[in-house]
Structure formats: structure tokens, C-alpha cells
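Architecture and fold: a report
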Amino acid sequence: MEKMLLHFQSTLTNISSEIQTLQEQSLSMNTKLKNRQATKRELHEFIDNIMIQENLIVHVCDTPASEREFTEVLHELDHKLRYLKEQDFRDALVVHDPLVRGELEKLKHKATHKTRDFLLHRVYQLRKPMANYHMIQNQLLNYRYFVEFLMAHSRDVALEVRSEYVDTMSKLYFSYFKEYSVKLMKLQFSDVAEKDDLIGTEDTARKSGFFSSKVHLKSRSTIFTLGNRDTVITTELEDPIIVVPHAQKAEKRYPYEMLFRSVHYALLDHACREFLFIVDFFKMPIGGAVDIFKEVVGKSLDFLQHQISDHMAVNYDAVGILLAVHIVLRYRAIMQRRDVPALDWYWDQVLSILWPRFNFVMELNIASIQSLDTHRLSQVDTRPHYITRRYAEFSGALVCINHSHPDEKVLHHRAVTLHHQAVTSPALSVTL
């Protein structure tokens, strides 16, 4: 019995050893199988990535760049070129094979040449007279990947395309805004405020002047009365721009703030569209897109700034200037809501022109009250004196304009000074 049990024990030990050996062999075979499968996958991926199929060559060489198939093979070619560059970092021998690298370089050169010619052709279409550049830009957005491909594999060509686009659009916008703004300014009322049109100016001193009882134009806006002029910053703020030929045909005339609104609403609309196009088409971050945008519209904005500056030099209409200020403030807020910071610097520049002029005209009005000589005033009757009416209308206009978009530069500076002078001035107290 003892011998039989010892034999049984020995047999079980041998079986256990065999099972362990079989397990080790199974694990080894499984590991080898996984390694072979992984090698097969990597080899298959490697061959797929470096193999140049005939279909790829045919489409790159013969398919028009406007076709969808060309864009698809461009993606494939981009993938192969990136993969080859990755293998170069790994010192793979296949990278130095002239058959592989040489053919891919030829295809890259051909694809680069075709995409360059295609994009430049579309850009040059923008230069044609009466070209619908919005439609052309929308078409270009369908080929935004071309720019991405060029930036990855031929940066010099990508920068050339971008430079041509910037130059083309810069000339287009400059021509448009120069022609439109110059023609628009010819629609301004001929009877405008002059340097003597102040609160404290004596009515009897200018019989045929601005404050005389004789009205030069039936539709001319007054200097101190707001009337419905504030519609330019409320209901008409986002109205369509003034069409110059239609206005000329109807013999319409406008106050300066309406012309200012029209040209800057056109600027706002074009700026938003152009900035978003630059971000989308050239794959630019916000900061880079703003720099390119400045190159595109820089000449146009310089021209508009000079035009505003020249007009402000002879503008004595404080109400009109303040309305222009509030147009800028509202348009800047609209662009901020649209997440378009492209014109932030321009709005600041325009305000740096408008605010000093507004302050200057306010100082002139304040000085006119301080120097008012009551002995030379016309005899006061039962009606409110014309200077009193001017002050009431003027201060009411400032408060009304500033009410919907408060700005302390108005209420807590010049307007307060004007009110103080009106209350404390001995000359004006005679008229009140």
C-alpha cells in the first residue's frame, strides 16, 4: 500500500510538472502570437503610409483643384508626408529611400503648385470690377484646407497667398470707403453750425445768421434742439446704410451724425465679416487675426480718421458730435457682443478725436455765457428769452442723449460746468 501511494504521488508530481510546462509553452506561444499580430499591424500601417498608390498620383496630377476628390487626396498626401517626417525622427532607413521620398516630394511639389494657382486665381477674381467679393470669400471657405496644407508643407507659398489676399482686399476696401465716404459727405446740410453759433451769442448781432428768424433750409437740424435727431442712436442705429445715388436722386440732405452712422455701420458690417473670414480661412488665433485685419483695412481706417479729423476741425455742433460719440460707443458694444475685437483700437482713435472737439465746443458755449453782456440783449418780453431757450434745449439734449448710455464725461464734467455757469452767471440770470 505504501509503495502504491508513493508511486501515485510521483505520478501526480510528474503530471503537475507537465501541466506547468504546458502552461509556460502556452504563455510563450500567446506572447509570440501577440507580438506577431502587433508586428503585422505596424508593418501593415507602415506599408500603407509609405506606399504610393496609383489613385493618389492620378488625382494629384490630373484632378482639378476645385473637385472634392482633390481635397480628399490632399488629406491623404498630407498624412503620408507627416508620417515620413515622423519616421525621419526615428532614423528609419526607408526615409532615405529615393523611391519613397523622391516620389512623395514630387507629389508635394505638384499639389503645392496646384493649390497655389487655384487660390491665387480666386484671390485675383476679387480684383475684377463689380466682383461680388462676399460670394468669392464664401467659395474660398470651402477650400480652407488648402491653406492648412500649404502652411504645413510650403510655408513660403502660404505666406505668398496670404500677402496677395491682404494686398487685394486692402485696395478693395480703400477704394470702397474712400469713394463712399466722400460722396456721402456731399449729402450734408449746407447750413451748418459755425463758430458764432453759441448759447451766449446775441440774436440781434446776426440778422441773417444761424439764429435769425429767417430759415435757410426747411429740413435743417438746429444746433440746440434735439428733436428727433436721437433716432440715429436708437431706432435707426442698425438701419441700412444710405444709398448715395438714391439720396441724390431724391435730393435728400442729412445732418452729419446720420452720415457718420451710415459709413461706420458699413464699416462694422464689413469688419465683422472680414475678421471672421480671416480667422476661419487662415486658421489664425485672435491676436494674429487682428494683425492681419489691420493690414487689410489699415489704409481705409487711416483715411476715415483723417476725414473725421478734418470735419471736426470746423464742427461747432456739440449735439451732433455727442451723437457721433454715442454711435461709436454702441457700435463698439455690438462688436463686443459678436466677439469681434478687430476695431477696438479704431473706436478708441475715433473717440480721441471726438471727445476733445466736444469739450472744445462746450468750452466755447460756457465762455459765451460768462462773457454775456446783458446791456446789449434785446428787450425781454413775456416769453422765455431766446438764450434761456437755447440753454434749456441744449442741456436737455445732452441729458437725453446720455440717458440711454451713461458716460460720466458728459454729465459729470462739461454739462455740470455749463449748468453751474447758467445758474451763477449774473448776465444769464437776467434772462431766466
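Preceding this section is the structure that the text describes.
The structure contained in this document is the topic of the report that follows. (Residues numbered from 1 in each chain as written. Predicted model: local features only at pLDDT ≥ 70, side-chain atom pairs only at ≥ 80, totals over all residues. Heavy atoms only, no water.)

Focus on the side chain of T168
Mapped onto the fold, T168 is located in helix 7 (residues 155-185). You can call T168 buried: its relative accessible area is 4%. Looking at T168, its side chain comes within polar contact range of the side chain of R127, at 2.8 Å. Discounting chain neighbours no more than four positions away, the residues touching T168 are V123, L126 and R127. (Helix = DSSP H or I, 4+ residues; strand = E, 2+ residues; numbered from the N terminus. Buried < 20%, exposed > 50% of the residue type's maximum accessible area, 1.4 Å probe, protein only. Polar contact = N/O pair within 3.5 Å; in protein donor to acceptor, adjacent residues only side chain to side chain. Contact = heavy atoms within 4.5 Å.)

So, the environment of Q370
Within the fold, Q370 resides in helix 12 (residues 344-370). With 170 residues separating them along the chain, Q370 and G200 place their C-alpha atoms 8.2 Å apart.

Considerations on the nonpolar core
Within the largest apolar cluster, 112 residues are counted, with the highest numbers of intra-cluster contacts made by L119, F260, I308, L343, Y346 and L354. In terms of residues, this core owes the most to one element, helix 9 (residues 256-281), which gives 14 residues. For Y346, the residues in contact, after removing those within four places along its chain, are H264, L267, L301, L304, Q305 and I308. (Core = buried A, V, L, I, M, F, W, Y, C linked by side-chain atoms within 4.5 Å.)

Thoughts on the packing of helix 5 (residues 133-141) against helix 9
It is at 10 Å that the axes of helix 5 and helix 9 come closest, and there the two elements cross at 20 degrees. As judged from the angle between their axes, helix 5 and helix 9 are roughly parallel. Note on packing geometry: the crossing formed by helix 5 with helix 9 is left-handed. Of helix 9, the residues touching helix 5 (which contributes Y133, H134, Q137, L140 and L141) are H270, R273, E274, F277, D280 and F281. Of the residues assigned to the contact of helix 5 with helix 9, the class counts are five nonpolar, three polar and three charged. (Axes fitted to C-alpha atoms, helices over the stretch in contact; angles between N-to-C directions. Parallel < 35°, antiparallel > 145°, perpendicular 65-115°, else oblique. Left-handed = near helix turned anticlockwise from the far one by under 90°. Nonpolar A, V, L, I, M, F, W, Y, C, P; charged D, E, K, R; others polar.)

Things to note about the packing of aromatic side chains
Counted under the stated rule, the structure contains 20 aromatic pairs. Pairing Y176 with F177 gives two aromatic rings, centres 5.0 Å apart and planes at 75 degrees, and the pair type is edge-to-face. Classification of Y176 by relative accessible area gives partly exposed; the value is 28%. The exposure class of F177 is buried, given its relative accessible area of 2%. With 6.4 Å between their ring centres and 80 degrees between their planes, W345 and Y346 make a pair best called edge-to-face. Here W345 falls in the partly exposed class, since its relative accessible area comes to 24%. Among the aromatic side chains, those forming a connected cluster through ring pairs are Y133, Y173, Y176, F177 and Y180. Its end group placed over the ring of F174, K299 keeps NZ or CZ at 4.9 Å from the ring centre. We note R357 situated over the ring of Y316; from NZ or CZ to the ring centre the distance is 4.8 Å. (Phe/Tyr/Trp six-rings, centres within 6.5 Å; stacked < 30°, edge-to-face > 60°. Lys NZ or Arg CZ within 6 Å of the ring centre and 35° of its normal.)

Topic: helix 10 (residues 286-312)
Its 27 residues give helix 10 an end-to-end C-alpha distance of only 33 Å, which falls more than 12% under 39 Å, the value for a rise of 1.5 Å per residue. Where helix 10 bends most, at V297, the angle is about 60 degrees. (Expected span 1.5 Å × (residues − 1). Bend = angle between axes of the 7 residues up to and from the residue.)

Some details on the environment of S262
With respect to the helices, strands and loops of the structure, S262 is situated in helix 9. Each C-alpha atom, one on S262 and one on V232, is 9.6 Å from the other, the two residues being 30 residues apart in sequence. Setting aside chain neighbours within four positions, we find S262 in contact with Y180, L184, I241 and I242.

Thoughts on a nonpolar patch on the surface
On the surface, F8, L12, I15 and I19 cluster together into a nonpolar patch covering about 370 Å² of accessible area. Along the polypeptide, I15 turns up in helix 1 (residues 2-50). By relative accessible area, which is 40% here, I15 ends up partly exposed. (Patch = residues over 30% accessible without salt bridge, like charges linked within 9 Å, V, L, I, M, F, W, Y side chains within 5 Å. Areas by Shrake-Rupley, 256 points an atom, 1.4 Å probe, with all protein chains shown as cover. Salt bridge = Lys/Arg side-chain N within 4 Å of Asp/Glu carboxyl O.)

Brief notes about unusual backbone geometry
Negative phi characterises most residues that are not glycine, and trans characterises most peptide bonds. With phi around 55 degrees, E251 is a residue other than glycine that occupies positive phi space. Mapped onto the elements of the fold, E251 is located in the loop between helix 8 (244-249) and helix 9. Taking relative accessible area as the criterion, E251 reaches 67% and is therefore assigned exposed. Non-glycine residue D339 carries a positive phi angle of around 60 degrees.

Let's talk about the environment of R162
With respect to the helices, strands and loops of the structure, R162 is situated in helix 7. Residue class for R162 comes out partly exposed when judged on its relative accessible area of 23%. For the pair R162 and F282, spaced 120 residues apart in the sequence, the C-alpha separation amounts to 8.0 Å. For R162, the residues in contact, after removing those within four places along its chain, are F282, M284 and I292.

Topic: the pattern of salt bridges
Applying the stated rule across the entire model yields 15 salt bridges. The salt bridge partner of K108 is E105, with a shortest N-O separation of 3.4 Å. Residue K108 and its partner E105 are both found in helix 4 (residues 98-125); the two are separated by three residues, about one turn of the helix. Residue E105 is classed as partly exposed on the basis of its relative accessible area, which comes to 32%.

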